[in-house]
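Single-letter residue listing:
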Amino acid sequence: MNTVNPAADPTPGAPVPAEKGVLIGDEERAEAAAAPAPAGRRARRDGAPAAQPGVATTGDTSQPVVRIRGLRKSFGDLEVLHGIDLDVHAGEHVVLFGPSGSGKSTVLRSINLLEEPNSGSVCVDGVEYGPGLPGEKGSGKPAKRGKPIELRRKVGMVFQQFNLFPHLTALENVALPLRSVKGMKADDANRKAAESLRQVGLLQRAAHYPGQLSGGQQQRVAIARALSQDPKVMLFDEPTSALDPELVGEVLRVMHELAEAGMTMVVVTHELGFAREIGDLNVFMDAGVVVETGSSELFDHPTDPRCQDFMRAVR
Amino acid sequence: MGITSYDWGLIWDYRSELLHGLLTALEVSVVALVISVVAGLGLAMVRLGKAPFTWIAAIYINVFRGMPALVTVIWIYFGVSLVLGINFTVFQAGVIALSLLYSAFMAEIFRSALQAVPHGHREAGQALGMRDTRIFFSVVAPQAFKIALPNVGSMFIGMIKDTSTFTVIGLLEVVRVVQNVNAQTFQPFVLYTAAAAIYVLVAFAVDLLFRVGEGAFSTPPKGVVSKMLRGRKQRRIEALVAELA
Ligand SMILES: Nc1ncnc2c1ncn2[C@@H]1O[C@H](COP(=O)(O)OP(=O)(O)O)[C@@H](O)[C@H]1O
Ligand SMILES: [Mg+2]
């Protein structure tokens, strides 16, 4: 059983009893068990030919949960993504890293369509969206488009700035989308929300407002909020970058447990130690392109000079 | 009657007339407040929306922000009524004038309040798969309302003060009452001092009321009112936690 036992609660005052919880429900756990073990997936990359040349992938041949093809994105005249191809398979943990401004956030935000792709396509769990590839059959017309909201409901996202709703308690933050998206009754939503808070070790903080929680606790509530929607994939955009150093650990611990539980994850992070632990596929980005990908050996032996420079700079 | 003899007892003698004038002023203001809050919110959303509607909203806002209450009420009561062929009562004319003017101010207040809600909250709602209308009503509007509340209070005080100009169309508000009493008693200093005091006291009371309201919407809850409003919810959450712990 996967449990999360976050560190002693950093808020001074009332001590909070340690909570035990299950990160994912029974259904998901069964699915995760049926999926190949992470160790096998990690090893498979060596030797296994990539499904398509130039596509960042572990080489898993199953239908990917997230498939990005030819993704281009411009802000005004400035193109910031110059064609990204990425596969994320069930249970995989993909780490995006690279210098600031290289387009990591834009890739994540394109996956749940907070950014509209200018070209290429994004497909999550069979729902495809995007203008398609140039030269693709039937190009000129938009390719088959799923509804953005349909796609978003399959994706959970955790932001650098937490983005909790400050006028709602921790419990209501989690329960509101359960009611409005999943159509749950208030009582059921509250119960499920409380369970999600228990999973991140914050059940005792359910009645607190975000302003009464530390940054680390707020981010854990944000994780619980995204998680309670039962997403197919969780996206993390520098989830610990806005935290005081002593609060980073509790958030990484929750993410680590989530990874162990088999959640499919795409993580943008500068915490390369953490990346090394969970990353099945590590993707180095620079200036809007994927420069180099690999398993954890990428951190020890980067081959591209840009990646080498970056590794030297962060070390 | 010498210039130095001030009959302060007049205020007590005419208390029911003065009170009636105050109630009339408050009635006009409250009705106009409700209308201009609703209309102002609508205008703000149009103003934040797409062309050409945003331009129309901008023109409206800039015209009516610039118009004095006195001119507006005369324009409605003597001018617009003629054009439309509707005989507005003085009460109606007052409400219409205030609503037209203060919708413009409210629109600006709500626009800046809506813009003050961090964009990330909207994105978080979208990322959770919430629909735009739901994000607006459950995430953005409550926060914007809280931000706007103190300014809405100031506007309400302004509205009450502006009703004093409606004496020109014969609305029996505070100033009109004072003028009538003065015509019989010739005590302008006493009576206009009373009028001024009424406005100041009302402004003070409204300010207090909105401060309590602000406290009620603060998070975490502050003050007796908010504890009363939200204590039950808080206890329900705590009971659920206790049950599951
Ligand atoms: N909304 C936006 N408008 C204009 N430029 C943007 C916007 N968002 C990102 N950019 C630009 O796109 C590039 C990539 O940004 P981003 O994806 O945030 O990089 P990273 O997350 O790797 O730091 C940067 O040059 C950034 O300035
Ligand atoms: Mg970024």
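Reading guide: rules and limits
Residues numbered from 1 in each chain as written. Chains lettered and ligands numbered in written order. Predicted model: local features only at pLDDT ≥ 70, side-chain atom pairs only at ≥ 80, totals over all residues. Heavy atoms only, no water. Axes fitted to C-alpha atoms, helices over the stretch in contact; angles between N-to-C directions. Helix = DSSP H or I, 4+ residues; strand = E, 2+ residues; numbered from the N terminus. Left-handed = near helix turned anticlockwise from the far one by under 90°. Contact = heavy atoms within 4.5 Å. Nonpolar A, V, L, I, M, F, W, Y, C, P; charged D, E, K, R; others polar. 1 Å grid on protein atoms, 1.4 Å probe; cavity = no way out; pocket = protein on both sides within 12 Å on 5 of 7 lines; lining within 4 Å. Points joined across faces, edges and corners; volume = space filled by probe spheres on them. Near = heavy atom within 4 Å. Polar contact = N/O pair within 3.5 Å; in protein donor to acceptor, adjacent residues only side chain to side chain. Areas by Shrake-Rupley, 256 points an atom, 1.4 Å probe, with all protein chains shown as cover. Salt bridge = Lys/Arg side-chain N within 4 Å of Asp/Glu carboxyl O. Buried < 20%, exposed > 50% of the residue type's maximum accessible area, 1.4 Å probe, protein only. Parallel < 35°, antiparallel > 145°, perpendicular 65-115°, else oblique. UniProt positions renumbered as here; feature names shortened; annotations may be inferred. Phe/Tyr/Trp six-rings, centres within 6.5 Å; stacked < 30°, edge-to-face > 60°. Lys NZ or Arg CZ within 6 Å of the ring centre and 35° of its normal.

**As for the packing of helix H6 (residues 119–127) of chain B against helix H7 (residues 132–162) of chain B**
Residues and elements named next belong to chain B.
For step 1, the next point in the chain: The interhelical angle for the contact between H6 and H7, taken along N-to-C directions, is 145°, at an axis separation of 10 Å. Two packed elements cross with a definite hand, and for H6 against H7 that hand is right-handed. Taking contact as the criterion, the partners of His121, Arg122, Gly125 and Gln126 in H6 are, on H7, Asp132, Ile135, Val139, Val140 and Gln143.
For step 2, the next point in the chain: Looking at the contact of H6 with H7, its residues break down into 3 nonpolar, 4 polar and 2 charged.

**What about the layout of surface pockets?**
For step 1, the next point in the chain: Each pocket or cavity is described by its volume, and for the second largest pocket that value is around 280 Å³.
For step 2, the next point in the chain: Leu168(A), Leu171(A), Glu172(A), Ala175(A), Arg179(A), Ala186(A), Asp187(A), Asn190(A), Lys233(B), Arg236(B), Ile237(B) and Leu240(B) are the residues that line the second largest pocket.
For step 3, the next point in the chain: Within the residue set of the lining of the second largest pocket, elements represented by two or more residues are helix H5 (170–180) and helix H6 (186–199) of chain A together with helix H10 (223–244) of chain B.
For step 4, the next point in the chain: The residue makeup of the lining of the second largest pocket, split by class, is 6 nonpolar, 1 polar and 5 charged.

**A few points about the site of ligand 1**
Residues and elements named next belong to chain A.
For step 1, the next point in the chain: Ligand 1 sits among Phe75, Val80, Pro99, Ser100, Gly101, Ser102, Gly103, Lys104, Ser105 and Thr106.
For step 2, the next point in the chain: For ligand 1, an oxygen atom lies 2.6 Å from a polar atom in the backbone of glycine 101.
For step 3, the next point in the chain: In the model, an oxygen atom of ligand 1 is placed 2.7 Å from a nitrogen or oxygen of the serine 105 side chain.
For step 4, the next point in the chain: Protein chains shield 59% of the accessible area of ligand 1, which is 560 Å² for the free molecule.
For step 5, the next point in the chain: Across the shell around ligand 1, the residue classes tally to 3 nonpolar, 6 polar and 1 charged.

**A word on the pattern of salt bridges**
For step 1, the next point in the chain: Summed over all chains, the structure comprises 20 salt bridges over all chains.
For step 2, the next point in the chain: Ionic pairing is found between Arg109(A) and Glu115(A), a salt bridge with its closest N-O pair at 2.9 Å. Taken individually, Arg109(A) and Glu115(A) each receive the classification buried, so the pair is uniform in this respect.
For step 3, the next point in the chain: Of the charged contacts in the structure, one is a salt bridge between Asp207(B) and Arg211(B), with a shortest N-O distance of 3.0 Å. Note that Asp207(B) and Arg211(B) are positioned in helix H9 (residues 188–216) at a spacing of 4 residues, about one turn of the helix.
For step 4, the next point in the chain: Overall, Asp207(B) belongs to the partly exposed group, its relative accessible area being 33%.
For step 5, the next point in the chain: By relative accessible area, Arg211(B) is classed as exposed at 52%.
For step 6, the next point in the chain: Among the charged side chains, a salt-bridge network with shared partners connects Arg109(A), Glu115(A) and Glu123(B).

**Concerning the packing of H9(B) against H10(B)**
Residue and element names in this part refer to chain B.
For step 1, the next point in the chain: Two elements in contact, H9 and H10, have axes separated by 7 Å at closest approach and are oriented at 40°. As far as their axial angle goes, H10 and H9 are oblique. Crossing geometry of H9 relative to H10 is assigned as right-handed. Contacts between H9 and H10 involve Val212, Gly215 and Ala216 from the first element and Val225, Ser226, Leu229 and Arg230 from the second.

**Examining the UniProt feature "domain: ABC transmembrane type-1" (unreviewed entry) in chain B**
For step 1, the next point in the chain: As recorded in UniProt, the sites labelled "domain: ABC transmembrane type-1" (unreviewed entry) are residues 22–210 of chain B.
For step 2, the next point in the chain: Strand forms 0% of residues 22–210 of chain B and helix 84%; the C-alpha atoms that close the span are 19 Å apart.

**A look at the packing of aromatic side chains**
Remark: the centre distance and the inter-plane angle together describe each pair of aromatic rings, the angle taken between the planes.
For step 1, the next point in the chain: For the structure shown, the criterion picks out 13 aromatic pairs over all chains.
For step 2, the next point in the chain: When the centroid spacing of 6.0 Å and the interplanar angle of 50° are considered together, the rings of Phe97(A) and Phe310(A) count as tilted. Taken together, the residues span a long stretch of sequence, with Phe97(A) in strand E3 (residues 93–97) and Phe310(A) in helix H11 (residues 305–314) at a distance of 213 residues.
For step 3, the next point in the chain: We classify Phe97(A) as buried; its relative accessible area is 0%.
For step 4, the next point in the chain: Here the aromatic rings of Tyr102(B) and Phe105(B) are separated by 5.4 Å at their centres, their planes lie at 40°, and the arrangement is tilted. One end of the pair, Tyr102(B), and the other, Phe105(B), are both in helix H5 (residues 90–116), 3 residues apart, so they sit about a helical turn from each other.
For step 5, the next point in the chain: Here Phe105(B) falls in the partly exposed class, since its relative accessible area comes to 28%.
For step 6, the next point in the chain: One aromatic cluster in this structure is built from Phe97(A), Phe284(A), Phe299(A) and Phe310(A).
For step 7, the next point in the chain: Its guanidinium or amino end placed over the ring of Phe165(A), Arg225(A) lies 4.5 Å from that ring's centre, counting from NZ or CZ.
For step 8, the next point in the chain: Taking the ring centre of Trp12(B) as reference, the NZ or CZ of Arg15(B) above it sits at 4.0 Å.

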